[in-house]
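Survey of secondary and tertiary structure
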Amino acid sequence: MAAHDAAQSPEDYLEHAVRLAVQNVADGGGPFGAVVVTPDGRLHDGVNRVTRDNDPTAHAEVVAIRRAASELGSFNLSGSVLYSSCEPCPLCLSAALWGRVSRVYFAADRHGAAAAGFDDAVFYEYFDGNRPDLLPVQHTDVPASEAPFDAWRGHKNRTKY
């Protein structure tokens, strides 16, 4: 976590994310870096830790979002901005949406990532509905399907999100 300099532009934060990505490669990680700038002006860095942690969800953006939420003590990152060294994949975009991140900037695009061997294009095709064969998903109703939601609705001390 670092303090925010009000004079910094989106390009400055993107350059920071790119530096994180380059350093992560030198450290044995993937070529992705990200930073979340929260409304209080703090920077929360993340680098790709997929191979280092054997965690397919440890993308730089997700790591930065997790760090920001943990350090703020809140899952709601409204007003925050995510800066990424590369175009966020659908996983990372979903994490930003769930975190209520207000805006995303990225440097390299998915085509540059594909040229380096990181071809997420098929995932975009999947979410566009063009590749349902990639991951078949089937609704199968069981008698207790609604029980978790009934429990949620009946829980007086639930935390709404």
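Residues numbered from 1 in each chain as written. Predicted model: local features only at pLDDT ≥ 70, side-chain atom pairs only at ≥ 80, totals over all residues. Heavy atoms only, no water.

It is worth spelling out the pairing of strand β3 (residues 42-47) at this point. Relative to β3, strand β2 (residues 33-37) is paired through five bridges, and the arrangement is antiparallel. Counted as the bridge partner of V37 is L43 from β3. The hairpin formed by β2 and β3 contains four residues between the paired strands, and G41 there has a positive phi angle of roughly 90 degrees. (Pairing = 2+ DSSP bridges. Helix = DSSP H or I, 4+ residues; strand = E, 2+ residues; numbered from the N terminus.)

In the UniProt entry, the feature "domain: CMP/dCMP-type deaminase" (unreviewed entry) is given for residues 8-119. Note that residues 8-119 is 44% helix and 21% strand, and that its end C-alpha atoms are spaced 31 Å apart. (UniProt positions renumbered as here; feature names shortened; annotations may be inferred.)

In this fold, L20 is placed in helix α1 (residues 10-26). What makes L20 buried here is its relative accessible area of 17%. Considered as a pair, L20 and A34 are 14 residues apart in the sequence and their alpha carbons are 7.3 Å apart. Apart from the residues within four sequence positions on either side, L20 is in contact with G33, A34, D45, G46 and V47. (Buried < 20%, exposed > 50% of the residue type's maximum accessible area, 1.4 Å probe, protein only. Contact = heavy atoms within 4.5 Å.)

So, about unusual backbone geometry. Positive phi values are uncommon outside glycine, yet N54 reaches one of about 50 degrees. As for its position among the elements, N54 is in the loop between α2 (50-53) and α3 (60-72). According to the relative accessible area criterion, N54 is exposed, its value standing at 71%. Of note in the backbone geometry, R100 takes a positive phi value of approximately 65 degrees without being a glycine. Among the structural elements, R100 can be located in the loop between α4 (90-98) and β5 (103-108). In this structure R100 comes out as partly exposed when scored by relative accessible area, which is 36%.

Among the nonpolar cores identified, the biggest contains 18 residues, and A34, V36, I65, L77, L82, A96 and V101 are the most heavily contacted of them. Residue assignment for this core shows that the elements contributing at least two residues are β2, α3, β4 (81-86) and α4. For this core, the element with the highest residue contribution is α3, accounting for six residues. Grouped together as the second largest cluster of nonpolar side chains are seven residues, Y13, L14, V35 and L43 included. (Core = buried A, V, L, I, M, F, W, Y, C linked by side-chain atoms within 4.5 Å.)

Structurally, the position occupied by T140 is in the loop between α6 (121-127) and α7 (147-154). Residues T140 and Y13, spaced 127 residues apart in sequence, show a C-alpha to C-alpha distance of 45 Å.

Under the counting rule described, the total for this entry stands at seven aromatic pairs. Relative to Y161, the ring of F75 has its centre 5.8 Å away and its plane inclined at 75 degrees; by these criteria the two rings are edge-to-face. Of this pair, F75 sits in the loop between α3 and β4 while Y161 sits in the segment after α7, and the two are 86 residues apart along the sequence. When its relative accessible area of 63% is taken as the criterion, Y161 is described as exposed. (Phe/Tyr/Trp six-rings, centres within 6.5 Å; stacked < 30°, edge-to-face > 60°.)

This part takes up the pattern of salt bridges. Any two side chains of opposite charge can pair, given that their charged atoms come close. Applying the stated rule across the entire model yields six salt bridges. Between D133 and R131 there is a salt bridge, and its shortest N-O distance comes to 3.0 Å. Residue class for R131 comes out partly exposed when judged on its relative accessible area of 27%. Residues R153 and D150 are paired through a salt bridge, measuring 2.5 Å at the closest nitrogen-oxygen approach. (Salt bridge = Lys/Arg side-chain N within 4 Å of Asp/Glu carboxyl O.)

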